[in-house]
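Examining the three-dimensional arrangement
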Amino acid sequence: MITFICCLAALIAGYFIYGSFIERIFGVDSSRQTPAFTRQDGVDYIPMSSWKVFMIQFLNIAGLGPIFGAIMGAKFGVASFLWIVLGTIFAGAVHDYLAGMLSLRHQGESLPEIIGRYLGNNFKQFMRGFTVILMVLVGAVFVAGPAGLLAKLTPEYLDATFWIFVVFIYYILATLLPVDKIIGKVYPLFAAALLFMAVGILVMLFVNHPPLPELTDGLTNTHPENLPIFPIMFVSIACGAISGFHATQSPLMARCIKNEKYGRPVFFGAMITEGIVALIWAAAATYFYHNNGMGESNAAVIVDSITKEWLGTVGGVLAVLGVIAAPITSGDTAFRSARLIIADFLHKEQKSMVSRLVICIPLFIVAIGILLYSLKDKDGFDMIWRYFAWTNQTLAVFTLWALTVFLATSKKLYIITLIPALFMTAVCSTYIFVAPEGLNMDVTVSQIIGCVITAITLIVFLWWKKKNA
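I will try to describe carefully the structure that is included in this document. (Residues numbered from 1 in each chain as written. Predicted model: local features only at pLDDT ≥ 70, side-chain atom pairs only at ≥ 80, totals over all residues. Heavy atoms only, no water.)

Further remarks concern the overall build of the protein chain. Secondary structure assignment for the protein chain yields 17 helices and zero strands. In summary, the protein chain has a C-alpha radius of gyration of 21 Å against a globular reference of 23 Å for 469 residues, a match within 12%. Expressed as a percentage of the 469 residues in the protein chain, the buried residues total 58%. Looking at the protein chain alone, contacts between residues at least 24 apart form 83% of all its contacts between residues at least 6 apart. Counting every atom, the protein chain has about 18500 Å² of accessible surface; 68% of that belongs to carbon and sulfur. Charge separation in the protein chain, taken as the distance between the mean sites of 30 positive and 26 negative side-chain charges, equals 13 Å. (Helix = DSSP H or I, 4+ residues; strand = E, 2+ residues; numbered from the N terminus. Rg over C-alpha atoms; globule rule 2.2 N^0.38 Å. Buried < 20%, exposed > 50% of the residue type's maximum accessible area, 1.4 Å probe, protein only. Contact = heavy atoms within 4.5 Å. Areas by Shrake-Rupley, 256 points an atom, 1.4 Å probe, with all protein chains shown as cover. Lys, Arg positive; Asp, Glu negative; His and termini not counted. Charge placed at Lys NZ, Arg CZ, Asp CG, Glu CD.)

This part is about the side chain of Glu274. You can see Glu274 is positioned in helix 12 (residues 263-292). The buried charged residue Glu274 lacks any salt bridge, with Arg264 as its nearest oppositely charged partner at 17 Å. Non-local contacts of Glu274, meaning those with residues more than four positions away in its chain, are made with Phe58, Ile61, Ala62, Pro66, Cys239, Gly240 and His246. (Salt bridge = Lys/Arg side-chain N within 4 Å of Asp/Glu carboxyl O.)

Let's shift gears to empty space enclosed by the protein. For the structure on display, the rule yields one cavity of 30 Å³ or more. In this structure, the largest cavity occupies an estimated 50 Å³ of space. Lining of the largest cavity is provided by Ser110, Leu111, Thr248, Pro251, Leu252, Arg255, Ser337, Leu340 and Ile341. Only helix 11 (244-254) and helix 13 (299-346) provide two or more residues apiece to the lining of the largest cavity. Among the residues making up the lining of the largest cavity, the classes are represented as five nonpolar, three polar and one charged. (1 Å grid on protein atoms, 1.4 Å probe; cavity = no way out; pocket = protein on both sides within 12 Å on 5 of 7 lines; lining within 4 Å. Points joined across faces, edges and corners; volume = space filled by probe spheres on them. Nonpolar A, V, L, I, M, F, W, Y, C, P; charged D, E, K, R; others polar.)

Right, let's talk about the side chain of Gln57 for a bit. The residue Gln57 is located in helix 3 (residues 50-62) in this model. Accessibility expressed as a relative area gives 0% for Gln57, which makes it buried. One polar contact links Gln57 to Ser250, side chain to side chain, over a distance of 3.4 Å. Ignoring sequence-local partners within four residues, the contact set of Gln57 consists of Gln249, Ser250, Met253, Val266, Phe267 and Ala270. (Polar contact = N/O pair within 3.5 Å; in protein donor to acceptor, adjacent residues only side chain to side chain.)

Further remarks concern the layout of surface pockets. Taken as a whole, the second largest pocket holds about 470 Å³ of empty space. What lines the second largest pocket is a set of 18 residues, and nearest its centre among them are Leu119, Phe123, Phe398, Trp401 and Thr457. Looking at the lining of the second largest pocket, the elements that each hand over two or more residues are helix 6 (111-119), helix 15 (380-409), helix 16 (415-434) and helix 17 (443-467). Here the lining of the second largest pocket takes six residues from helix 15, the largest share from any one element.

Judged by nonpolar contacts, the single largest core of 110 residues is most densely connected at Phe4, Ile71, Leu98, Phe268 and Trp281. Among the elements that line this core, the one with the most residues is helix 12, at 18 residues. With sequence-adjacent residues up to four places away left out, Phe4 is seen in contact with Phe81, Leu202, Leu205, Phe206, Leu212, Leu279, Ile280 and Ala283. Judged by nonpolar contacts, the second largest core, of 45 residues, contains Leu134, Phe142, Ala147 and Ala402. (Core = buried A, V, L, I, M, F, W, Y, C linked by side-chain atoms within 4.5 Å.)

Structure below.
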């Protein structure tokens, strides 16, 4: 438990120490009027209280990521604890905070527009399509699990296909209606349930004091299939460390924040909170694997087993609520982000319902098509999930490089994003070559190629910096 306790303390200290440091580097101006007031439209730009914005941001970026990803990542041993802590503090929280604050400074701009400002118009055009594809994938993969679980809890004639369409009806409402009508009212309650479940598991970890991996045992890879820690673990644990999806969600709340001084608790704080949740579930999963072996790969089964054993009936109900609600609430904001990204690109106002419908209807048709394919093919969902996971981390790479260019051109300490950008470039480029859905090459060869690509990227950046000095 010593390593776990130290990791937990490091995450909390990271918010106060490193969070304040990053905030000073960015340079908060509390006197600057935010887009929640300057562009208030009653739909997407609405001033909201800081605690509510935090809870919505937390649930937006969390979903099932810090639970399912951490559970799967725990199979790698103590290395998963270290990645959650270091990734959250030095990569994920910095990524989320700076992306959110830049959106706040640029009138609530969507992520592709921000990336285009610093990486050029060609990158902006590419990222518009790339990000919308990711949002549709998020909406698709985060509805299949809840639909399947609801099908098991209801009569046989209410199958998964039925629940998929029910969830999509909710998606339509949450995407089209003003942000304070459904999201603003329901999300804080679901976020509270997710946090309550995590706190309950944390308490039981201290009560039961299960054997957990320690740093003194070394960084031995304990994965039963001997999958390489680099890069597989760093893609498996995404939302609990760093996730490109987060940067697509930050602009939603950048349009609702009342003052720049709330940026650190909302953006940096939500990521640290997610890291804590991921660390707790990684520890709980380690306990489960210790008692039951690592043969179980269904994260939902592990969540159900842990919560029922440690939290009883109430915990079981909360687990079901979390497994159903958390991914759905990430899916609906994914579609909302896609709508706003397309609206920014087309310069199409979103105050009228007709304008929103014109954008949303094609998005939902494509997402339903992807879902029906995943139900038809027994391996369809797994394939879609893996493509989503890699696309998600690749988006984080583009965002980190854009943030690095912003800091460099602003003559600020750009190394705070340069190091995470280089590391994630190595992770994502290596993954392409080693993954079964990629080129399925030898691990060592793939890692060498990934390092070469990363080195070339660094050389290009240094050349650009020297040229634009």
